[in-house]
Amino acid sequence: MGAGGYFGYHLQNGDHGLKARADLEARKEVLEGELAGLREVKQRIERDVALLRPESLDPDMLDERARAILNLAHPDDLVMMKRREPDPTGPLTRR
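Remember, predicted model here, so these are calculated numbers, not experimental data. (Residues numbered from 1 in each chain as written. Predicted model: local features only at pLDDT ≥ 70, side-chain atom pairs only at ≥ 80, totals over all residues. Heavy atoms only, no water.)

Digging into the overall build of the protein
And then number 1: The number of helices and strands found in the protein is 3 helices and 0 strands.
And then number 2: Counted from the first residue to the last, the protein has its helices and strands arranged as α-α-α.
And then number 3: On C-alpha atoms alone, the protein measures out to a radius of gyration of 28 Å, which is more than a quarter above the 12 Å that the 2.2 N^0.38 rule sets for 95 residues.
And then number 4: With respect to the three principal axes, the spread of C-alpha positions in the protein is 85 × 60 × 15 Å.
And then number 5: Carbon and sulfur atoms make up 58% of the accessible area of the protein, which amounts to about 9500 Å² in all.
And then number 6: Where the 16 positive side-chain charges of the protein centre and where its 18 negative ones centre are 6 Å apart. (Helix = DSSP H or I, 4+ residues; strand = E, 2+ residues; numbered from the N terminus. Rg over C-alpha atoms; globule rule 2.2 N^0.38 Å. Areas by Shrake-Rupley, 256 points an atom, 1.4 Å probe, with all protein chains shown as cover. Lys, Arg positive; Asp, Glu negative; His and termini not counted. Charge placed at Lys NZ, Arg CZ, Asp CG, Glu CD.)

Right, dumping it as structure tokens:
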């Protein structure tokens, strides 16, 4: 009787038991979702890199990357800025 209880307990709750298997299956689903997201990011980066190759250089892509890296805009561009929330610990508050 004692041996059956011992093995039954470890079948359910042991390091390699049914509960551990269910936890691994849940973790597997999370990681597969993460992997799918990373594959999409990789495809987007590969597409952007292909557009920057000398033999197929896209002028719009080059312009976009140069502006983003240099943090500059053309004088004729319309620039829309997002308003930031004020910092509660900023210089205008008393401490």
